[in-house]
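Geometric and topological summary
Now for the letters of each chain:
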Amino acid sequence: MTTPTAVLFEQVSRHFDQVKAVDGVNLSIQEGEFFAMLGPSGSGKTTCLRLIAGFEQPSAGHIEIFGERVEGVPPYRRQVNTVFQDYALFPHLNILDNVAYGLMIRGMDKKARHQAAENALALVELKGFSRRKPAQLSGGQRQRVALARALVNQPKVLLLDEPLGALDLKLREQMQEELKALQKQLGITFVFVTHDQGEALSMADRIAVFNQGKIIQVDTPQALYRHPNSPFVANFVGSSNVLSPIFMQSLGLPVRWASLRPEDIQVVQTGGYSATLLSRSYMGSANRVQLILNDQPLQALVPHHIPLPADHSSVQIAWQPSNLHLMESA
Amino acid sequence: MNTLVTPHTYSRLARLSDYLWHHPKQVLIAMLVLPVLWLGVVYLGSLATLLIQSFFSIDEFSGLIKHEWTLKTYQELFVPANLDIILRTVLMAALVTIASAILAFPIAYYATRYAKGVWKALFYIGIMLPLWSSYLVKIYAWKLILAREGILNWLFTSLHLDGLLNVYLALPVVGGSSLSVSYTGTFLVFVYVWLPFMILPLQAALERVPSSLLEASADLGASAWQTFRHVLLPLALPGLIAGSIFTFSLTLGDYIIPQIIGSSRLFIGQAVYMQQGTAGNIPLAAAFSVVPIVIMGIYLWLAKRAGAFNAL
């Protein structure tokens with residue numbers, strides 16, 4: 001039995017006057033999936049999220065949530081909840097009433113909804129904060145409240161709009177782990193918007209890479225990293241050396257665009273291509289090395305224990321043929 | 001030799017600014033002396049004098065003020081004729097405030113959420129423009145609009161709706177021989193004149209509500225009405241209260257509008273004007289003036305108890 005489709009986009013476009021924020025997107029998100037929408041700012045990923053939430057309506061195409069067409073369905077009639085980028089906690093309500101808001105709207109009595117809100121706060125490890133106001137909480141705590149406020153409604157799809165963007169690095173890494181564990185535990189479909197490729201790679205089951213209102217590639221993190229279908233994906237997801245057809249020809253390789261990850265370039269004693277080492281920067285576990293080979297600049301990540309020659313001298317480099325990924329086009 | 005510190009220029013001005021930089025407290029005192037004197041002596045001082053006057057009384061035979069502490073003047077406020085004036089004024093102020101709030105909300109909401117660029121500028125000009133012209137000119141203009149020979153009557157007649165207007169004018173209390181001599185006229189002009197004082201603070205409060213809060217409310221299942229009731233209204237309440245302080249207290253104290261437009265029945269402002277002028281009863285005028293202060297105090301206390309300032 002196949003898992004049902006949670007969210008389906010068919011040729012969806014959203015135009016703001018002349019700007020095509022979302023342009024003919026096809027997308028299918030499975031139930032229980034942790035799905036990331038990755039792309040630079042203005043690539044249409046947030047608009048796609050807002051289309052699912054119902055804050056935007058498609059200019060063309062159609063959207064289904066669990067098999068139901070949702071064009072023209074207002075946000076408050078969708079079994080979808082959102083964790084906002086700025087958390088959007090109600091400043092005049094305390095934490096407990098913030099979390100219980102959705103249940104209060106649904107008409108649940110005070111005792112039951114406060115009990116449910118307490119449970120949701122326990123789920124995000126915020127027991128004992130019920131009486132405080134949002135202004136009295138730290139950024140990380142507010143983020144958890146926003147999460148609890150969405151989850152307490154038992155949504156079929158949880159939308160997260162760059163929820164970790166405002167947190168510092170340590171907290172962000174910790175929340176990444178917690179979000180992932182929470183998603184596994186609850187089994188709810190998570191749709192996560194981010195511009196941070198590291199975040200998408202570490203958390204998501206599948207990633208859609210957006211650029212200029214279109215989806216460039218949808219794949220698992222491993223496939224996206226190992227087999228980018230275009231220079232854009234190769235560069236946006238991790239860093240990559242995008243090799244031009246002319247360069248490929250100069251090495252006697254297929255005359256196509258190709259991607260080569262910096263960590264896949266090895267420094268060898270003999271038998272490699274003879275490149276010139278331009279500069280290096282020390283990264284701790286590795287050296288980031290700038291090379292030039294047949295006029296093509298290359299970047300390599302060389303483990304710290306591999307000895308390197310002086311700058312501006314010759315160095316032998318090689319790679320496994322399987323690590324060189326041919327791509328469709330530039 | 002290079003030095004980190006720029007060399008002293010020993011001009012007087014430079015020495016003064018050095019001195020002030022080293023003595024921030026003196027700067028603060030220098031800045032506050034005038035406003036504190038103004039507020040403390042001229043403003044609060046005259047208010048205190050007023051309060052004191054209200055505890056004196058007038059000698060009915062000589063018409064002179066008796067400088068003895070008494071509550072007699074306050075008792076006079078509760079004479080049916082005076083109590084009528086107070087109740088009439090408070091009721092009018094309350095109705096004007098409620099009407100202003102209802103009118104102001106959609107205007108302020110539109111200006112906050114939808115008006116951009118030129119439209120926002122037009123909004124501000126539209127709200128402020130009536131405040132730039134003379135208060136008396138506006139009121140007399142309204143007298144012409146509302147008069148029996150006025151444009152409003154003409155409009156109703158040309159639309160063959162004069163029957164409707166006459167039915168309304170025949171109603172007790174709100175009616176009269178024409179709109180310009182009815183309570184309805186007084187009410188309309190009060191609302192017109194004080195409306196900007198409601199719109200501006202309300203708009204400032206709405207401006208501070210991020211649109212993501214309204215989206216979050218909809219996201220959590222709330223219809224537009226529920227979002228208004230549970231999110232927008234509580235967050236706009238400080239602005240509404242600030243606006244209502246203006247409309248309420250300005251209506252309580254005004255004596256010109258009811259003088260020019262409305263029935264001949266008195267409002268508090270007119271009573272004060274008459275008592276301190278023609279009647280020469282300064283203590284009673286002072287006691288009347290205390291009434292709006294007490295009412296505003298009670299109003300703010302009630303608003304605070306109702307949690308109107310929780311969102312601040």
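Sequence order sets the numbering: in each chain, residues are counted from 1 along the sequence as written. Just so you know, chain letters begin at A and ligand numbers begin at 1, following the order they were written in. Only residues with pLDDT of at least 70 are given local features in this predicted model, and only at 80 or more are side-chain atom pairs given and counted; all residues enter the totals for whole chains, interfaces and linings.

**Quick notes on the overall build of chain B**
Helix and strand labels come from DSSP, where a helix needs a run of H or I of at least four residues and a strand needs a run of E of at least two; each type is numbered from the N terminus. When you go through chain B residue by residue, the secondary structure sums to 14 helices and two strands. Principal-axis analysis of the C-alpha atoms gives chain B an extent of 95 × 65 × 40 Å. Backbone-placed C-beta atoms define the burial measure: a residue is buried with 20 or more other C-beta atoms within 10 Å of its own, exposed with 12 or fewer, and partly exposed in between. Taken across its 312 residues, chain B has 31% of its residues classed as buried.

**So, the sheet that holds strand S10 (residues 214-219) of chain A**
Residue and element names in this part refer to chain A. Only strands that DSSP links by at least two bridges are regarded as paired with each other. Strand order in the open sheet formed by six strands is S6-S7-S8-S3-S9-S10, and the pairing between neighbours is mixed. Either end of the sheet is taken by a strand with one partner, and the two such strands are strand S6 (80-83) and S10. For this sheet, the mean angle separating the axes of adjacent strands, direction not counted, is 20°. Of the pairings in the sheet, the one linking strand S3 (residues 34-38) to strand S8 (residues 189-194) comprises five bridges and is parallel in character. Of the residues in S8, the one forming a bridge with Phe35 is Val191. Working definition of a contact: two residues with C-beta atoms, positioned from the backbone, lying within 7 Å. Angles shown run from 0 to 180 degrees and are taken between the N-to-C directions of axes, each axis being a line fitted to C-alpha atoms and, for helices, limited to the stretch in contact. Sitting on the sheet, helix H1 (residues 45-53) is in contact with S3, S6, strand S7 (157-161), S8 and strand S9 (206-211), with an inclination near 145° to S7.

**With respect to the pairing of strand S4 (residues 60-65) of chain A**
All names here are of chain A. Where strand S1 (residues 5-16) and S4 come together, five bridges link them in antiparallel fashion. The residue of S4 that forms the bridge with Phe9 is Ile63. Bridge count for S4 against strand S5 (residues 68-69) is two bridges, and the pairing is antiparallel. Of the residues in S5, the one forming a bridge with Ile65 is Glu68. Hairpin connection of S4 to S5: two residues between the antiparallel strands, including Phe66 at a positive phi of 50°.

**Side note on the domain arrangement of chain B**
Domain start and stop points were drawn from an automatic or database domain assignment. Partitioning chain B into domains gives domain 1 (1-43) and domain 2 (76-305). Centre-to-centre separation of domain 1 of chain B and domain 2 of chain B, based on C-alpha positions: 45 Å.

**Considering the interface of chain A and chain B**
Listed by partner, the interface residues are 17 residues for chain A and 17 residues for chain B. Those elements giving two or more residues to the side of chain A that touches chain B turn out to be S6 and helix H2 (95-105) of chain A. With three residues, the single largest contributor to the side of chain A that touches chain B is H2(A). Here the side of chain A that touches chain B is built from residues that sort into ten nonpolar, five polar and two charged. Put simply, Ala, Val, Leu, Ile, Met, Phe, Trp, Tyr, Cys and Pro go in the nonpolar bin, Asp, Glu, Lys and Arg in the charged bin, and everything else, Gly too, in the polar bin.

**Description of the pairing of S8(A)**
Moving residue by residue along a regular strand, the side chains alternate between the two faces of the sheet. Residue and element names in this part refer to chain A. Along S8, six of the six residues are buried, which leaves the element largely enclosed by surrounding structure. Judged by which residues are buried, S8 turns out to be covered on both faces: Thr189, Val191 and Val193 on one side and Phe190, Phe192 and Thr194 on the other are all buried. Note that S7 and S8 share five bridges and pair parallel. When the bridges of S8 are listed, Asp161 appears paired with Val193. Seen with its strands pointing away from the viewer, a crossover is right-handed if its path from the first strand over the helix to the second goes clockwise. With respect to chirality, the unit in which S7 leads through helix H5 (residues 169-186) into the neighbouring parallel S8 is right-handed.

**A short note on H5(A)**
Residue and element names in this part refer to chain A. Here the expected length of a helix is defined as 1.5 Å per residue gap, with one fewer gap than residues. Here H5 spans 26 Å end to end across 18 residues, near enough to the 26 Å set by a 1.5 Å rise per residue. What H5 keeps buried is the set Met175, Leu179 and Gln183. Buried residues along H5 cover an arc of 70° about the axis, so they all sit on one side. Exposed and oriented more than 90 degrees from the buried face of H5 are Lys170, Glu177, Ala181, Lys184 and Gln185. The elements touched by buried residues of H5 are S3, helix H4 (139-151), S8 and helix H6 (197-203). Backbone geometry just after H5 places Gly187 at a positive phi near 70°. In this context, the arc is that of the directions from the helix axis out to the C-beta atoms.

**Looking at the domain arrangement of chain A**
All names here are of chain A. In terms of domain boundaries, chain A breaks down into domain 1 (5-235) and domain 2 (241-327). For domain 1 and domain 2, the distance between their C-alpha centroids amounts to 39 Å. The interface of domain 1 with domain 2 comprises seven residues on the first partner and five residues on the second. Residue composition of the side of domain 1 that touches domain 2, by class: three nonpolar, four polar and no charged.

**Observations concerning the nonpolar core**
Only buried Ala, Val, Leu, Ile, Met, Phe, Trp, Tyr and Cys residues enter a nonpolar core, and they are joined through C-beta atoms within 7 Å. Counting 129 residues, the largest nonpolar core has Ile52(A), Ala148(A), Val191(A), Phe192(A), Val209(A) and Leu202(B) as the members making the most contacts within it. With 14 residues, the top contributor of residues to this core is helix H9 (residues 183-207) of chain B. Once residues lying within four places of it in the same chain are set aside, the contact partners of Phe192(A) are Phe34(A), Phe35(A), Ala36(A), Leu160(A), Met203(A) and Ala204(A). Counting residues in each nonpolar core, the second largest holds eleven residues, with Leu277(A), Leu293(A), Leu298(A) and Val315(A) among its members.

**Quick word on the sheet that holds strand S11 (residues 241-243) of chain A**
All names here are of chain A. Read across the open sheet, the three strands follow the order S11-S12-S18; overall the sheet is antiparallel. For this open sheet the edge positions go to S11 and strand S18 (325-327), each flanked by a neighbour on one side alone. Averaged over all pairs of adjacent strands, the angle between strand axes in this sheet comes to 30°, irrespective of strand direction. Relative to strand S12 (residues 257-260), S11 runs antiparallel, the two sharing three bridges. Counted as the bridge partner of Leu243 is Ala258 from S12.

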